[in-house]
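Here are the chains, one letter per residue:
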Amino acid sequence: MTFELRRRQLVAGLAVSLAGFAGYQEFRGNRISHAFMDAGDDLTRHAQRLLMGSHPLAREFTLADISADFPTNGTVLPKGDAYQRMMETEFADWALSIDGLVERPVQLSLATLRGLPSRTQITQHNCDEGWSAIGQWRGVELGHLLTMTGLKHDARYVVFHCLDIQDDGKLYYESIDLFDAVHPQTILAYEMNGKPLPVGHGAPLRLRIELQIGYKNAKYVDRIEVVDSLNSIGDGRGGWWEDFDRATWYAGQ
Ligand SMILES: Nc1nc2c(c(=O)[nH]1)N[C@H]1C(S)=C(S)[C@@H](COP(=O)(O)O)O[C@H]1N2
Ligand SMILES: [Mo]
């Protein structure tokens, strides 16, 4: 039996034994239907959290491993004049807002973000539609930004609001818990493969969350909101894909 198989069995076993406690914790205050839909998802996550303890890193690659052709997926050009104008001015008037349950809300220009300490990582992106690609990302650690703003005591989730409207007329968004928010490879990237982040890949700023799959990596992020519950964001399932297609909220890989 491979290590991976044994690990999966252990996780599954733990998930069952945690059902009473973790289930209660997670589902208090959530809608019942969501609780049932996401039960397996949440239990796996709780079990993984217990097993991990600290912060394992996603595998990082070398420059030679970078994919010659990294596909784009989902939105590749946000609709509307506002984004068009931002492109023309190279996002000079764009700013990232960080608000919600933070002590010091901020607005950060692209120049300011570029001036902050940065992290560069070469990682593999896995889209659940069945493709993977390796790219190099440079950006600011979300943990660094949240240290700047401070967190209020009831802060629990971080929501990434994006500026692209999907075909159902709703804005793309995603969310993660604080555990993933302070993971060292969770960055807001403004550079890909050594160049400014291309429009197709989410310019001027996108989330890279390397322990989760494709759709969690929100592109075109212009607002980060810290909340205590996801119930009142969108349809309450934690992300556009989660609302639209019942994708799992915790997409750890
Ligand atoms: N704002 C926004 N973020 C998004 C999407 C999107 O349509 N809009 N698509 C998601 C999906 S399904 C994937 S696989 C990745 C694709 O990122 P890429 O275009 O850089 O390959 O972005 C994710 N983030
Ligand atoms: Mo995806």
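Scroll up to find the structure.
Just so it is clear, the structure is predicted and the values come from calculations on it, not from any experiment.

Student: What is the right way to read the overall build of the protein chain from this model?
Tutor: Counting its regular elements, the protein chain contains nine helices and ten strands. The buried share among the 253 residues of the protein chain stands at 48%. Counting contacts in the protein chain only where the partners sit at least 6 residues apart, residues at least 24 apart contribute 69% of the total. Only carbon and sulfur atoms are counted for the fraction: they give 55% of the accessible area of the protein chain, which is about 12400 Å².

Student: Would you mind going over the sheet that holds strand S5 (residues 157–165) with me for this structure?
Tutor: Paired through backbone hydrogen bonds, the strands of a sheet run either parallel or antiparallel to each other. Strand order in the open sheet formed by five strands is S2-S1-S10-S5-S6, with mixed pairing between adjacent strands. The open sheet terminates on both sides in strands that have one partner only, identified here as strand S2 (106–109) and strand S6 (171–177). Here the average twist between neighbouring strands, direction ignored, is 20 degrees. The pairing of strand S1 (residues 95–100) with S2 spans four bridges and is classified as antiparallel. Within S2, the residue paired with Leu-96 across the bridge is Leu-108.

Student: Could you clarify how one ought to interpret the site of ligand 1 in this entry?
Tutor: Taken together, 23 residues are adjacent to ligand 1, and Pro-71, Asp-164, His-201, Arg-206 and Lys-219 come closest. Residue Thr-75 places a main-chain N or O atom 2.9 Å away from an oxygen atom belonging to ligand 1. Between ligand 1 and Asp-164, the relevant distance is 2.7 Å, taken from a nitrogen atom to a side-chain nitrogen or oxygen of the residue. Across the complex, the protein chains shield 99% of the 530 Å² of accessible surface that ligand 1 would expose by itself. Every element with two or more residues in the shell around ligand 1 is listed here: strand S3 (119–127) and S5. Along the lines of polarity and charge, the residues of the shell around ligand 1 split into ten nonpolar, ten polar and three charged.

Student: I would appreciate a short explanation of the nonpolar core in the present structure.
Tutor: For soluble globular proteins, nonpolar side chains are generally found buried alongside one another. Ranked by internal contacts, the top residues of the largest apolar core, which has 47 residues, are Leu-96, Leu-113, Leu-142, Leu-145, Val-158, Phe-160 and Ile-224. Broken down by secondary-structure element, the contributors of at least two residues to this core are S1, helix H6 (110–115), helix H7 (142–149), S5, S6, strand S7 (186–192), strand S9 (206–209) and strand S10 (221–227). The element contributing the most residues to this core is S5, with six residues. If sequence neighbours within four positions are ignored, Val-158 has contacts with Leu-142, Leu-146, Glu-174, Ser-175, Ile-176, Leu-178, Ala-181, Ile-224, Glu-225 and Val-226. With nine residues, the next largest nonpolar core counts Ala-133, Trp-137, Ala-189 and Met-192 among its residues.

Student: Teacher, can you tell me more about the packing of aromatic side chains here?
Tutor: The description of an aromatic ring pair rests on the distance of the ring centres and on the angle between the ring planes. The tally for this structure, following the rule as stated, stands at nine aromatic pairs. Aromatic side chains Trp-240 and Trp-241 sit 4.9 Å apart centroid to centroid with 75 degrees between the ring planes, which places their arrangement in the edge-to-face category. Through successive ring pairs, a cluster of aromatic residues spans Tyr-172, Trp-240, Trp-241 and Phe-244.

Rules and cut-offs
- Residues numbered from 1 in each chain as written.
- Chains lettered and ligands numbered in written order.
- Predicted model: local features only at pLDDT ≥ 70, side-chain atom pairs only at ≥ 80, totals over all residues.
- Heavy atoms only, no water.
- Helix = DSSP H or I, 4+ residues; strand = E, 2+ residues; numbered from the N terminus.
- Buried < 20%, exposed > 50% of the residue type's maximum accessible area, 1.4 Å probe, protein only.
- Contact = heavy atoms within 4.5 Å.
- Areas by Shrake-Rupley, 256 points an atom, 1.4 Å probe, with all protein chains shown as cover.
- Pairing = 2+ DSSP bridges.
- Axes fitted to C-alpha atoms, helices over the stretch in contact; angles between N-to-C directions.
- Near = heavy atom within 4 Å.
- Polar contact = N/O pair within 3.5 Å; in protein donor to acceptor, adjacent residues only side chain to side chain.
- Nonpolar A, V, L, I, M, F, W, Y, C, P; charged D, E, K, R; others polar.
- Core = buried A, V, L, I, M, F, W, Y, C linked by side-chain atoms within 4.5 Å.
- Phe/Tyr/Trp six-rings, centres within 6.5 Å; stacked < 30°, edge-to-face > 60°.

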